[in-house]
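Below, each chain spelled out in residue letters.
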Amino acid sequence: MSALPSTSGKDHFAEAACYDVVVVGAGFAGMYMLHRLRGLGLKVRVYEQGGDVGGTWYWNRYPGARCDVESMQYSYSFSEELQREWDWSERYAPQAEILNYARHVAERFDLRKDIQLNTSVDCAGFDESAGEWQATTSDGKTVGAKFVVLATGCLSNARLPDIRGLSDFAGKVYHTGHWPHEAVDFTGQRVAVVGTGSSAIQSIPVIARQARHLYVFQRTPNFSIPAHNAALTAEEREAFRRIYPEVRRFAREEARNGIYAELPDRGALDDGDNARRARYEQRWARGGLTFMLAYNNLILDQAANDTAADFVRAKIAEIVKDPQTAKLLQPDNHPIGSKRICVDTDYYATFNRSNVTLVDIRTNGIEEILPNALRAGGKDYEIDALVLATGFDAMTGSVARIDIRGRGGRTLKGKWAEGPKTYLGLMSAGFPNLFIVTGPGSPSVLSNMIVSIEQHVDWIADCMVWMGQRGLDLVEATKGAEEGWVAHVNEVAHMTLYPQANSWYMGANIPGKPRIFMPYIGGVGVYRRICDDVAAKGYDGFAMTAAEPLREAARS
Ligand code: FAD
Ligand code: NAP
């Protein structure tokens, strides 16, 4: 029996299909949203533009792609059985294994029957008189839905750089975020990689082992910490499973970033030079993202941050034999951690190979792409294949691509033209019954994203139940609550060093995109408590109404 009154049998949708909820996207967010809503007895349709489930892990198949949060934690926690039965093979699972995990979840929870693949949602308009959404899909159909949930992903809109001559290149062009499904073999080829973010840093060592020559075109060097990836033994997995309840609790409630880790008890300047170096060495030896948890003020205090940045710069100089190349690889224009820190396997050491050349394009960028070469610094680098590891129109890109119209026909893209505006990253005022999973204004990309996805999905499902129990049909963020939240997100961000970097968190990688720090930096645990508190207060900051009076008005 449904916890909610289902709208799916209503007369005015007799002609067109009608759902309680349309979910856009079938990555980890869309899949779990479907599972939860079906558990409430709702009629749900998920549309996914890709050819399979998995989202990020369906699209990003570049060589070396793997997670940077350890797999035992970068996995769903909602099902005890799932958590017990799935064996991760490595500390950081490769893309193919994570995609298989997503497929396994789809089969295990029988999700596929409600997911329509190879179909994008192109438009969604709120019909004010009916109090419902109409969504138009790429197969030319329009369906009705009481709620729409955007599970469209923060990093799902791959961005091609605007470089002169790109379309004239005669060889193969690849984007890391849109990698072909068939194996790509660079053996014997001269390859260029443009970019030195996480995707490039993972793929460069693997491509270098295949290619005849690899040219890496670097505009901004990034800080990277070794992954120390390794196979997981059955004993290690079991030991982890024994502490799962505490790991998951800590990740949800206490961690800032949704990762179970030892939290720092002091600031970097509270230790003397030797003790500090020893602590950084220990973190470097352990590897991974938690390097930034060596001290509690690394992202707050410039002098503290400098000690960590200097340590990593010294490591780069130790690993890279050619001093000039080492110097170019040392980041010097942003605090460590203010851009997503990278996690690598042999990245810096790859520049010791005789078949790898680092090309510094910081001053003039890539001047032009010719049919057989990249021109930079007045020199032509002849290549056979071009890999663009140039990132994403993050957080807002995939939302803006859909023509979403709320009250008064106002578009969400238009409303967000000066930066995304949401209440809690979950809803935007003027767009009733439209939820966003890990939207801007929530911890999202600053966290272990599966932790944040599960929290949002549960909150949204609970909100629908609450409304159903009270006969309420419409929920909408109030303008006042939204303004207050946007100001808070901004204020907290500016208490840290994050806004100093030209990062995609700030929209700085997209020409013309407003420079606003988009994710919420207050921490996963703190944020969860805020969301729970809002719900406990009867969804404070959200206006809820019954739609019946609207329908009455429309009928009369
Ligand atoms: P996605 O996985 O992006 O799924 C969204 C889906 O929506 C996509 O399949 C897309 O095709 C679909 N879609 C979008 N618009 C439409 C539309 N209009 N119509 C129909 N379908 C649409 N996070 C971590 O926490 N740890 C990691 O280790 C990690 N590694 C990453 C590695 C890479 C290479 C990348 C790019 C990101 C990584 N992330 C990581 C972030 C990652 O995106 C999230 O962890 C998570 O997979 C997001 O799930 P999602 O379902 O929210 O979004
Ligand atoms: P990114 O971090 O945005 O990096 C893009 C790179 O391309 C940057 O080095 C950028 O230089 C460069 N670039 C962009 N346009 C360019 C141009 N016109 N000319 C020259 N260089 C250009 O993108 P990403 O590496 O795909 O990573 C995005 C996010 O996805 C990560 O931060 C992370 O959250 C996630 N991710 C995670 C993993 C993982 O380890 N699990 C792997 C991949 C991605 P500038 O810095 O100068 O702009």
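This is a predicted model, so every value here is computed, not measured.

Parameters and conventions
Residues numbered from 1 in each chain as written. Chains lettered and ligands numbered in written order. Predicted model: local features only at pLDDT ≥ 70, side-chain atom pairs only at ≥ 80, totals over all residues. Heavy atoms only, no water. Pairing = 2+ DSSP bridges. Helix = DSSP H or I, 4+ residues; strand = E, 2+ residues; numbered from the N terminus. Axes fitted to C-alpha atoms, helices over the stretch in contact; angles between N-to-C directions. Phe/Tyr/Trp six-rings, centres within 6.5 Å; stacked < 30°, edge-to-face > 60°. Buried < 20%, exposed > 50% of the residue type's maximum accessible area, 1.4 Å probe, protein only. Lys NZ or Arg CZ within 6 Å of the ring centre and 35° of its normal. Contact = heavy atoms within 4.5 Å. Left-handed = near helix turned anticlockwise from the far one by under 90°. Nonpolar A, V, L, I, M, F, W, Y, C, P; charged D, E, K, R; others polar. Salt bridge = Lys/Arg side-chain N within 4 Å of Asp/Glu carboxyl O. Near = heavy atom within 4 Å. Polar contact = N/O pair within 3.5 Å; in protein donor to acceptor, adjacent residues only side chain to side chain. Areas by Shrake-Rupley, 256 points an atom, 1.4 Å probe, with all protein chains shown as cover.

Undergrad: Help me out: how do you make sense of the sheet that holds strand 14 (residues 373-376) in this one?
TA: Read across the open sheet, the three strands follow the order 13-14-15; overall the sheet is antiparallel. Here the strands that pair on one side only, and so sit at the sheet edges, are strand 13 (368-370) and strand 15 (379-382). For this sheet, the mean inter-axis angle between neighbouring strands, taken without regard to orientation, is 25°. Relative to strand 14, strand 13 is paired through three bridges, and the arrangement is antiparallel. Each residue of the ladder has a partner; that of glutamate 368, found in strand 14, is arginine 375.

Undergrad: What is the right way to read the packing of aromatic side chains from this model?
TA: Tallying each qualifying case throughout the model produces 41 aromatic pairs. Plain terms: the ring middles of phenylalanine 291 and phenylalanine 311 are 6.0 Å apart, the flat faces sit at 25° to each other, and that makes the pair stacked. Linking phenylalanine 291 in the loop between helix 8 (273-286) and helix 9 (302-319) with phenylalanine 311 in helix 9, this pair joins segments that are 20 residues apart in sequence. In this structure phenylalanine 311 comes out as buried when scored by relative accessible area, which is 8%. Ring geometry for tryptophan 504 and tyrosine 505: centres 4.7 Å apart, planes at 55°, overall tilted. One aromatic cluster is present, formed by Phe28, Tyr32, Trp57, Tyr74, Tyr76, Phe78, Trp86, Trp88, Tyr101 and Phe109 through successive ring pairs. One cation-aromatic arrangement involves arginine 61 over tyrosine 58; the distance from NZ or CZ to the ring centre is 4.9 Å. One residue, arginine 470, lies across the ring of tryptophan 466, its end atom 3.9 Å from the ring centre.

Undergrad: Please explain the environment of proline 335 as it appears in this structure.
TA: Note on placement: proline 335 falls in the loop between helix 10 (323-329) and strand 11 (342-344). Classification of proline 335 as buried rests on a relative accessible area of 5%. Once you skip the residues sitting within four places of it in the chain, proline 335 turns out to touch Phe223, Gln302, Asn305, Leu497 and Gln500.

Undergrad: Where do I start with the packing of helix 1 (residues 28-39) against helix 14 (residues 449-469) in this structure?
TA: Geometry of a packed helix pair, given as the angle between the helix axes and the separation of the axes. Axis separation between helix 1 and helix 14 bottoms out at 9 Å; the angle between their running directions is 35°. Of the two possible hands of crossing, helix 1 and helix 14 adopt the one that is right-handed. Packed against helix 1, whose contacting residues are Phe28, Ala29, Tyr32, Met33, Arg36 and Leu37, the element helix 14 presents Ile450, Ile453, Glu454, Val457, Asp458, Ile460, Ala461, Asp462 and Met464 at the interface. Across the contact of helix 1 with helix 14, the residue classes tally to 11 nonpolar, no polar and four charged.

Undergrad: Please explain the pattern of salt bridges as it appears in this structure.
TA: Where charged atoms from two side chains of opposite charge approach closely, those side chains can pair. Summed over all chains, the structure comprises 40 salt bridges. A salt bridge links glutamate 246 to arginine 249; its shortest N-O distance comes to 2.9 Å. Note that glutamate 246 and arginine 249 are positioned in helix 7 (residues 244-253) at a spacing of three residues, about one turn of the helix. For glutamate 246, a relative accessible area of 34% translates into the label partly exposed. For arginine 286, the salt bridge identified is with glutamate 262, shortest N-O distance 3.8 Å.

Undergrad: I'm lost on the site of ligand 2 in this one. Help?
TA: Inspection of the region around ligand 2 gives 24 residues, with Arg66, Thr196, Ser199, Arg219 and Thr220 positioned closest. Arginine 66 is positioned with one of its backbone polar atoms (N or O) 2.8 Å from a nitrogen atom of ligand 2. Between ligand 2 and glycine 197, the relevant distance is 3.4 Å, taken from an oxygen atom to a main-chain nitrogen or oxygen of the residue. Here ligand 2 has 910 Å² of accessible area as a free molecule, and 89% of this is covered by the chains. Looking at the shell around ligand 2, the element that brings in the most residues is helix 5 (residues 198-210), giving three residues.

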